[in-house]
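Summary of the model geometry
The chain contents come next:
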Protein chains: 2
Amino acid sequence: MEYEGADPGTVRPGGRTARVRAAVLRAAGDAMAERGFAHLDLADIARRAEVGKTTVYRRWGSVTGLVADLLTDMAEQSLPRTETGSLLDDLKANARLVQRTLTDPRQGALFKAVIAAATSDARTAEALHRFYETRVEEWAPCVQQAVVRGELPEGTDPHEVIRAVSAPLYYRFLTTGDHLDEATADRAAEAAAAAARAGVYARPA
Amino acid sequence: MEYEGADPGTVRPGGRTARVRAAVLRAAGDAMAERGFAHLDLADIARRAEVGKTTVYRRWGSVTGLVADLLTDMAEQSLPRTETGSLLDDLKANARLVQRTLTDPRQGALFKAVIAAATSDARTAEALHRFYETRVEEWAPCVQQAVVRGELPEGTDPHEVIRAVSAPLYYRFLTTGDHLDEATADRAAEAAAAAARAGVYARPA
DNA sequence: TCCATAACGGGACTCCTGTTCCATTTGCTG
DNA sequence: CAGCAAATGGAACAGGAGTCCCGTTATGGA
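Fair warning: this is a prediction, and the values are worked out from it, not measured in the lab.

The next point concerns helix α6 (residues 105-120) of chain A. All names here are of chain A. Taking 1.5 Å as the rise per residue, α6 with 16 residues should run 22 Å; its terminal C-alpha atoms sit 24 Å apart, in good agreement. Taken across its 16 residues, α6 has twelve buried, putting it largely inside the fold. Taken together, the buried positions of α6 are occupied by G108, A109, L110, F111, A113, V114, I115, A116, A117, A118, T119 and S120. Measuring from the backbone nitrogen of R106 back to the side-chain oxygen at the start of α6 gives 3.2 Å, which picks out D104 as the cap.

On to empty space enclosed by the protein, then. To find the voids left in a structure, one rolls a probe of water-molecule size over its atoms. Counted by the stated rule, this structure contains three cavities of 30 Å³ or more. Roughly 260 Å³ of internal volume is contained in the largest cavity. Forming the boundary of the largest cavity are 21 residues, of which A164, A167 and Y201 of chain A together with P168 and A191 of chain B lie nearest the centre. Within the residue set of the lining of the largest cavity, elements represented by two or more residues are α8 (158-175) and α9 (182-197) of chain A together with α8 (158-175) and α9 (182-197) of chain B. Take the lining of the largest cavity: its biggest share by element is six residues, from α8 of chain B. Partitioning the lining of the largest cavity into residue classes produces 16 nonpolar, one polar and four charged. Approximately 150 Å³ is the volume attributed to the second largest cavity.

What follows is about the interface of chain B and chain A. Contacts between chain B and chain A engage 31 residues on the former and 31 residues on the latter. Contact between chain B and chain A buries roughly 2900 Å² in total, counting both sides, with carbon and sulfur atoms accounting for 71%. When residues of chain B are sorted by the area they lose upon contact with chain A, T119, Y171 and T175 of chain B head the list and together hold 21% of the total. In this assembly, chain B and chain A are joined by four salt bridges. E160 of chain A serves as the salt-bridge partner of R187 of chain B, at 3.7 Å between the closest nitrogen and oxygen. Elements with a minimum of two residues in the side of chain B that touches chain A: α6 (105-120), α7 (122-149), α8 and α9 of chain B. If one sorts the elements of the side of chain B that touches chain A by residue count, α8 of chain B sits on top with ten residues. When its residues are assigned to classes, the side of chain B that touches chain A shows 16 nonpolar, nine polar and six charged.

UniProt marks residues 41-60 of chain A with the feature "DNA-binding region" (unreviewed entry), using the numbering shown here. End-to-end, the C-alpha atoms of residues 41-60 of chain A are 13 Å apart, and along that stretch the chain is 80% helix and 0% strand.

Residues and elements named next belong to chain A. Between helix α1 (residues 15-35) and helix α4 (residues 63-76), the least distance of the axes is 10 Å, while the angle of their chain directions is 105 degrees. One way to sum up the angle between α1 and α4 is to call them roughly perpendicular. Of the residues in α4, those in contact with R21, V24, L25, A28, G29 and M32 of α1 are L66, V67, D69, L70 and D73. For the contact of α1 with α4, the per-class residue count stands at seven nonpolar, one polar and three charged.

Residue and element names in this part refer to chain A. Its 18 residues give α8 an end-to-end C-alpha distance of 26 Å, which sits within 8% of 26 Å, the value for a rise of 1.5 Å per residue. Along its length, α8 shows its largest kink, about 30 degrees, at S166, and proline P168 lies within four residues downstream of that point. Most of α8 is tucked away: 16 of the 18 residues are buried. Two to three positions downstream of the cap, the backbone nitrogen of H159 sits 3.1 Å from a side-chain oxygen, assigning the N-cap of α8 to D157.

Reading the values: the criteria
- Residues numbered from 1 in each chain as written.
- Chains lettered and ligands numbered in written order.
- Predicted model: local features only at pLDDT ≥ 70, side-chain atom pairs only at ≥ 80, totals over all residues.
- Heavy atoms only, no water.
- Helix = DSSP H or I, 4+ residues; strand = E, 2+ residues; numbered from the N terminus.
- Expected span 1.5 Å × (residues − 1).
- Buried < 20%, exposed > 50% of the residue type's maximum accessible area, 1.4 Å probe, protein only.
- Polar contact = N/O pair within 3.5 Å; in protein donor to acceptor, adjacent residues only side chain to side chain.
- 1 Å grid on protein atoms, 1.4 Å probe; cavity = no way out; pocket = protein on both sides within 12 Å on 5 of 7 lines; lining within 4 Å.
- Points joined across faces, edges and corners; volume = space filled by probe spheres on them.
- Nonpolar A, V, L, I, M, F, W, Y, C, P; charged D, E, K, R; others polar.
- Contact = heavy atoms within 4.5 Å.
- Buried area = accessible area lost by both parts, 1.4 Å probe.
- Salt bridge = Lys/Arg side-chain N within 4 Å of Asp/Glu carboxyl O.
- UniProt positions renumbered as here; feature names shortened; annotations may be inferred.
- Axes fitted to C-alpha atoms, helices over the stretch in contact; angles between N-to-C directions.
- Parallel < 35°, antiparallel > 145°, perpendicular 65-115°, else oblique.
- Bend = angle between axes of the 7 residues up to and from the residue.

The structure is reproduced here in structure tokens:
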């Protein structure tokens, strides 16, 4: 009796395999942005990627599996973080980055689709959590620096502050249909800064 | 040539029609809570509701149509709002209500499913927006009273404050897998209150 | 360069979702 | 309470998503 090999694509990841993955992920992103998560069709994606339908099913298995892979791919491309001298400006930069991402037609639709997928599939949810963890981790230092500078109380949880900036933007994005503009982004940053200064995110030492 | 009648269920809404609607909505809620939005199957829902599969397709057409109806049904059952004398306590009551709702296994799964459905269907999105508009409208007065009492600056936008309470809870609920506890709810209320007091939600007069 | 085999691609097949047709039940109205 | 039509329910049907089989391509190692 022989052991079945690991998942397809792991033994010979070079050349064609990599090209197929890239083409399929791109096609999946396009399809998602255009038609949304619910109307996603693996056969259509295979056609767009000029790849056999069988291949897509074999490598990713299901729509949610594909979305999860797309997400880990997105997490790997990290954006450079700006670095001003003030907490509020750093948070505003972060807020505007999120705002621009969600407002962008392609990226916005993609995020909607990914979040939708995560609600009904554990693997996708896991990938999504890691994605945001990475992003939050990336921006946390600017809060830590504000603590060092004495702008924020000792023991302030940097992760919570960063999450507080994104939260209202995502909430608006998902539950109300309102357009996200720069003023909204700035207000999100200001709210987070105000709450942080008031010591809301300071753990009791 | 005759005009086709309106949607089925509108001409004779009493008796059986109402029973069918109630049974199907209940079954849909159960199925959603158990299996999530992506795995939703109208045939299964019909079976649970002990109703003909044809009826479900004829009345609601698609999964998203059913979810939209479920949502308007939920919006109609409004919960009584508590009324303490302080802004922070009112906001905490609101935050805990949201926290309990999202934490509840059935309700939480239901909200996840509904939000997922709204990301890929305009009609469901519309219903979702109305749902949250209703809820926010319901709680806005307690912020307005705080303005009158002088706790908050003139021109504070009550809706924004209420949304600011929910936002971090939903953000956490959807993007991180963390458990929502009462401390988290209280912190959300405190953050919103702090930002409001700082004048972040005050429109420039 | 050459070989073993991982990975791909096309097509046939299956099963399940969603539609259509028509007989039956049951609200509503006179 | 009687009759008309709305609404339902079952069954047969159609179309498409996902699986399986097997021949073909091309990768990674010798």
